[in-house]
Amino acid sequence: MGGRDTAFPLGFFCFFGDSASKYSSCSQELPVGYKPIPPREFGAPDGTSCKYLDMLGPMVIKILKWLLALGLAFVLLSLAAIWYIGAWNIVFPSSQHDEVAPALPTDLGDNAILVFSKTNSFRHKDGIPGGNAVLKSLAEKNDWGHFATENGAAFNDASLQKFSVVIFNSASGDMLSDAQEAAFQDWLQAGGGWIGIHAAGDSSHKGWTWYVDNLIGADFTAHIMGPQTQAATINAELADHPVMAGLPPSWEQEEEWYSWEESPRVRGFTPLATVDETSYDPFQRIFGSDRDLRMGDHPVVWINCIGQGRSLYSAMGHWASAFDIPEYQQLLENAVVWARGEGPSGCPEKE
Ligand SMILES: [Zn+2]
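Since the model is a prediction, treat every value here as computed from it, not as a measurement. (Residues numbered from 1 in each chain as written. Predicted model: local features only at pLDDT ≥ 70, side-chain atom pairs only at ≥ 80, totals over all residues.)

For the rest of this paragraph, the subject is the overall build of the chain. Looking only at helices and strands, one finds nine helices and 13 strands in the chain. When each of the 351 residues of the chain is scored for burial, the buried share is 38%. Of all intrachain contacts in the chain linking residues separated by at least 6 positions in sequence, the fraction that spans at least 24 positions is 78%. (Helix = DSSP H or I, 4+ residues; strand = E, 2+ residues; numbered from the N terminus. Buried ≥ 20, exposed ≤ 12 C-beta atoms within 10 Å, placed from the backbone. Contact = placed C-beta atoms within 7 Å.)

Structure follows, in structure tokens:
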């Protein structure tokens, strides 16, 4: 029996027309007890249709198999690419919440920072480890206690009390349960400090209204694309603010510049630094469309004071290399000290 014959069910092509003659044309032996199927009206009794199908059938099946294999390969490669660029939880958003709190170091001291980078939406696979490493080195340099986790169950009253500042390093999506969010809100308003980096201000936090209203204050629209990251000039806006101490009036950073519907200044937030929109190409150029992402007033670092607490958001941190820039390290170091409540208030007078 030929290889081609064995690839198909016995009698498949000989179903049409006079089956017995097809078996002979397919060089197959009739099975024991085989009863010929009567000719059908569209099958020629002389076996013509079988010969035709004999030739066409394997080709069609082969093409279908190739198409199936190519389709499967395409799907698998697409999923691998989605995972590789960190977009898995954008395609498949997660609402997984942790329930068992991590054990904390016993020697955190009074100035500990909690670095949180759980990603239930986009994951910055380069910026998160890069930022976490720099934050750890800043903690060592300044003798701050330090704990980094992606376990949202760390957001409970007892654990949060051990920290003076919580940093969301590109934490994204629906990462905390209602109870964990409530514990964090209470802790912050009672005097905690918060620093949000990069994706902490993207659109994946919309479901947490308090967070957007009090810590971000702006609705994310998009980031530049084509190219995705560009060097641009950052201008210090409030040069005499404690967070800007030691920083030059302007400096350059390469970044995946984010834009928002309007400046957080509109909602009463206080910008500390803005990006000069003439120093880069503020467009999202993708699939032939050019979306204008200019905001006019385009803050990239801003603060808010909530109850007794302080918050600072900084848009920079897409790549690990962003955290290597001395000016940015200085800003983050200052931000931790300020958010903790040390030194001058730096909080705007509120009416
Ligand atoms: Zn990014």
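There's more to say after this.
The amide bond that connects Gly-226 to the next residue, Pro-227, takes the cis arrangement and shows omega of 0 degrees. Looking at where Pro-227 falls in the secondary structure, it is placed in the loop between β5 (220–223) and β6 (230–236). Notably, Asp-143 is not glycine yet its phi reads approximately 60 degrees, a positive angle. Among the structural elements, Asp-143 can be located in the loop between α5 (127–142) and β2 (146–149).

It is worth spelling out the environment of Ala-320 at this point. Residue placement: Ala-320 occurs in the loop between β13 (309–314) and α9 (326–340). Overall, the presence of 18 C-beta atoms within 10 Å leaves Ala-320 in the partly exposed class. As for Ala-320 and Val-134, which are separated by 186 residues in sequence, their C-alpha atoms are 9.1 Å apart. Not counting residues up to four positions away in its chain, the partners in contact with Ala-320 are Asp-126, Gly-127, Pro-129 and Gly-130.

For the rest of this paragraph, the subject is the sheet that holds strand β7 (residues 250–255). Across the sheet, which stays open at both edges, the nine strands sit in the order β2-β1-β3-β4-β13-β12-β9-β6-β7 with mixed pairing between neighbours. The open sheet has two free edges, formed respectively by β2 and β7, since each of these has just one partner strand. Between one strand axis and the next, the sheet turns through 20 degrees on average, direction left out of account. Sheet topology note: the strand β9 (residues 270–275)/strand β12 (residues 299–306) ladder contains four bridges and is antiparallel. (Pairing = 2+ DSSP bridges. Axes fitted to C-alpha atoms, helices over the stretch in contact; angles between N-to-C directions.)

A separate point is the pairing of strand β11 (residues 289–292). As a general feature of sheets, a regular strand has side chains that alternate between the two faces. Both strand β10 (residues 283–286) and β11 contribute to a ladder of four bridges, which runs antiparallel. Bridge assignment links Arg-285 to a residue of β11, and that residue is Asp-290. What sits between β10 and β11 in their antiparallel hairpin is a turn of two residues, with Phe-287 showing a positive phi close to 50 degrees.

Right, let's talk about the environment of Val-134 for a bit. Looking at the secondary structure, you find Val-134 in helix α5. Each C-alpha atom, one on Val-134 and one on Asp-324, is 7.6 Å from the other, the two residues being 190 residues apart in sequence. Sequence-distant contacts of Val-134, that is, excluding residues within four places in its chain, are made with Phe-323 and Gln-329.

Of all residues in the chain, 85% have pLDDT values of 70 or greater, and the mean over the chain is 88. This model gives residues 1–26 a pLDDT under 50, and the stretch forms 56 contacts once residues within four places in sequence are excluded. (pLDDT = per-residue confidence, 0-100.)

What follows concerns the nonpolar core. Residues Ile-113, Leu-114, Ile-167, Ile-195 and Ala-335 are the most contacted members of the largest nonpolar core, which totals 66 residues. When residues of this core are assigned to their parent elements, the largest contribution, seven residues, is made by α9. In contact with Ile-195, not counting residues within four places along its chain, are Val-165, Ile-167, Leu-312, Ala-335, Val-336 and Ala-339. (Core = buried A, V, L, I, M, F, W, Y, C linked by C-beta atoms within 7 Å.)

On to α9. Over its 15 residues, α9 runs 21 Å from end to end, which matches the ideal 21 Å to within 8%, given 1.5 Å per residue. Within the span of α9, buried status applies to Tyr-328, Leu-331, Leu-332, Glu-333, Asn-334, Ala-335, Val-336, Trp-338, Ala-339 and Arg-340. Trailing α9 by a residue or two, Gly-341 shows a phi angle of about 105 degrees, which is positive. (Expected span 1.5 Å × (residues − 1).)

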